[in-house]
Amino acid sequence: MKPMGPIPPWFAAEEGMLLIGGCGAASLVDEAGDMPLFVYDMGIVEAQVRRFRDAMPPALHLHYAIKANPHAPLLARMAGLVGGFDVASGGEVELALDAGMAPDRISFAGPGKRDDELSAAIFAGVTINLESEGEGARALRIAEKLGRTPRLAVRVNPDFDLKGSGMRMGGGAKPFGVDADRAAALARAMIDAGADWRGWHIFAGSQNLDPMAIIETQAATIALAARLSDAVGMAPPLVNLGGGFGLAYFPGDMALDIRPIGVALDSALESLPDILKDGQFAIELGRWLVGEAGVYLTRVIDVKVSQGETFVVVDGGLHHQLAASGNFGTVVRRNYPIAIANHFGAPPADQPVTVVGCLCTPIDRLGDKVALPPVAPGDLVAIFLAGAYGASASPSAFLGHPPARQLLLG
Ligand SMILES: *Cc1c(COP(=O)(O)O)cnc(C)c1O
């Protein structure tokens, strides 16, 4: 048997049926019409936003990085819950605007923005987080052609990283942002060219469960923003401190306690370097806001034995929920939390089973030698932590199965 990650604390059962947002999993499948199915519970998202607000300084803005889950009905709800959207493509700019987010609360990062994407974003009044000097020059040229004053921030590749992150996105040679030692010169050039300078975007890492590492990185980020702003000679309207709040996906992971981060930020914002005193600060979060709110439901098609090992074959797979198969940014495959939704909480069978998707490839493994109650065809398998980097981050065209349905609750 191999262990699985912890089931998030929001879920319970009624007469053995997993409840999501107070509704039984089987009736949610009926409501959606079919499965495989992603269910997102807005109640959990709202609870996470409340936790953030309770822990963080009131002046700190919360942004949502929409690539974590760009499901349109969810975005429309998020637009009323957070102070801004961070997007990373022209398509996401459109999704953010369609969701009702004001253009001046949208910022657009991403290392390869095409001219047409820059053009649409500048025309709409979205802030561009510049990732290079070349992009800065293109943004100015495009803005001039449009007769607009572009709103420009500079994304900095910091000279440090967020220790222990699942995905490193700063420190060392990176395709993201402009190296810290050239960032002030780029900002100065944009200001001199007449751009509306919006400040700094400094994102040092993702999926972190260590509050001390996050606290240290935020302190270093504020110090860097002050140093760069002094070099520019102008106070930044906004410093985006990045994010990095992680989730407990795997065996042994402990949920991130954000309270000490809030305490540290409180005192950091109380004693800011002079040049940052009048500026705004934001944190951008993706998975931490929405990840636990999602459950992926898929039905057992077959249970078969090969050389003594039992395989539970389901009608979903990595084409919907790539991350649970261990093929989305993890080095070693480990088990996401998984359960039989219609026998939730029942004691495990004597032998572990391996849950595989329906794709004809050995990498479509959703649960490796996991302890589950006795399973039969027709049972519903629930995979937790499916609210972020699920449906939109999986290769849905691979092998020609239909896409998963998505249902938003609450
Ligand atoms: C992906 C990304 C995020 C969101 O990361 P999470 O780990 O989902 O919180 C935030 N900011 C930037 C710049 C990103 O690229």
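**A closer look at the pairing of strand 15 (residues 280-285)**
Taken residue by residue, a regular strand's side chains alternate between the two faces of the sheet. The buried count for strand 15 comes to five of six residues, which makes it a mostly enclosed element. Pairing between strand 5 (residues 61-65) and strand 15: four bridges, direction parallel. Bridge assignment links tyrosine 64 to a residue of strand 15, and that residue is leucine 285. One ladder, built from three bridges, connects strand 14 (residues 238-240) with strand 15; its direction is parallel. Residue valine 239 lies in a different strand from strand 15, and its bridge partner there is phenylalanine 281.

**Looking at the side chain of serine 206**
As for its position among the elements, serine 206 is in strand 13 (residues 205-206). A polar atom in the side chain of serine 206 sits 3.5 Å from the side chain of arginine 287.

**Overview of the domain arrangement of the protein chain**
The accessible area lost on association of the parts is a frequent measure of interface size. When cut into domains, the protein chain gives domain 1 (12-40 + 291-409) and domain 2 (70-285). Using C-alpha coordinates to define each centre, domain 1 is positioned 34 Å away from domain 2. Taking both partners together, domain 1 and domain 2 bury about 1,200 Å²; carbon and sulfur atoms supply 70% of that area. Area buried by domain 1 at its contact with domain 2 is led by Arg334, Leu385 and Leu408, which between them contribute 38% of it. For the pair domain 1 and domain 2, the interface holds zero salt bridges. Across the contact surface, domain 1 and domain 2 share zero residue pairs in polar contact (both at pLDDT 80 or more).

**Considerations on the site of the ligand**
Neighbouring the ligand are 13 residues; Lys67, Ser206, Glu284, Arg287 and Tyr389 lie closest to it. The separation between a nitrogen atom of the ligand and a polar side-chain atom of glutamate 284 is 2.9 Å. Summarising the interface, the protein chains cover 93% of the accessible area of the ligand, which totals 380 Å² for the free molecule. Its residues assigned to classes, the shell around the ligand shows five nonpolar, four polar and four charged.

**Overview of the environment of glycine 233**
Structurally, the position occupied by glycine 233 is in the loop between helix 8 (211-232) and strand 14. Once the C-alpha coordinates of glycine 233 and alanine 184 are considered, the two residues, 49 residues apart in sequence, prove to be 9.2 Å apart.

**Description of the packing of helix 5 (residues 115-124) against helix 6 (residues 133-146)**
Taken N-terminus to C-terminus, the directions of helix 5 and helix 6 make an angle of 55 degrees; their axes are 9 Å apart at the nearest point. Considering their axes alone, helix 5 and helix 6 lie oblique with respect to each other. In the packing of helix 5 onto helix 6, the handedness of the crossing is right-handed. Residues Asp115, Leu118, Ser119, Ile122 and Phe123 of helix 5 form the contact with helix 6, whose participating residues are Glu135, Arg138, Ala139, Ile142, Ala143 and Leu146. In terms of residue class, the contact of helix 5 with helix 6 is built from seven nonpolar, one polar and three charged.

**With respect to the pattern of salt bridges**
Evaluated as defined, the whole model comprises 17 salt bridges. Across the salt bridge formed by aspartate 159 and arginine 227, the nearest N and O atoms sit 3.5 Å from each other. Of this pair, aspartate 159 sits in the loop between strand 9 (151-157) and strand 10 (167-168) while arginine 227 sits in helix 8, placing them 68 residues apart in sequence. A residue is classified by how much of its surface remains accessible, and aspartate 159, at 53% relative accessible area, is exposed. Judged by its relative accessible area of 47%, arginine 227 falls in the partly exposed class. Residues lysine 369 and glutamate 309 are paired through a salt bridge, measuring 4.0 Å at the closest nitrogen-oxygen approach. Taken together, the residues lysine 369 in strand 20 (residues 365-370) and glutamate 309 in strand 17 (residues 309-314) connect sequence positions 60 residues apart. On the basis of relative accessible area, glutamate 309 is assigned to the partly exposed category, the value being 24%. Bridged by salt links that share partners, the residues Lys2, Arg365 and Asp368 form one connected network.

Cut-offs used in this document
- Residues numbered from 1 in each chain as written.
- Predicted model: local features only at pLDDT ≥ 70, side-chain atom pairs only at ≥ 80, totals over all residues.
- Heavy atoms only, no water.
- Buried < 20%, exposed > 50% of the residue type's maximum accessible area, 1.4 Å probe, protein only.
- Helix = DSSP H or I, 4+ residues; strand = E, 2+ residues; numbered from the N terminus.
- Pairing = 2+ DSSP bridges.
- Polar contact = N/O pair within 3.5 Å; in protein donor to acceptor, adjacent residues only side chain to side chain.
- Domains from an automatic or database assignment.
- Buried area = accessible area lost by both parts, 1.4 Å probe.
- Salt bridge = Lys/Arg side-chain N within 4 Å of Asp/Glu carboxyl O.
- Near = heavy atom within 4 Å.
- Areas by Shrake-Rupley, 256 points an atom, 1.4 Å probe, with all protein chains shown as cover.
- Nonpolar A, V, L, I, M, F, W, Y, C, P; charged D, E, K, R; others polar.
- Axes fitted to C-alpha atoms, helices over the stretch in contact; angles between N-to-C directions.
- Parallel < 35°, antiparallel > 145°, perpendicular 65-115°, else oblique.
- Left-handed = near helix turned anticlockwise from the far one by under 90°.
- Contact = heavy atoms within 4.5 Å.

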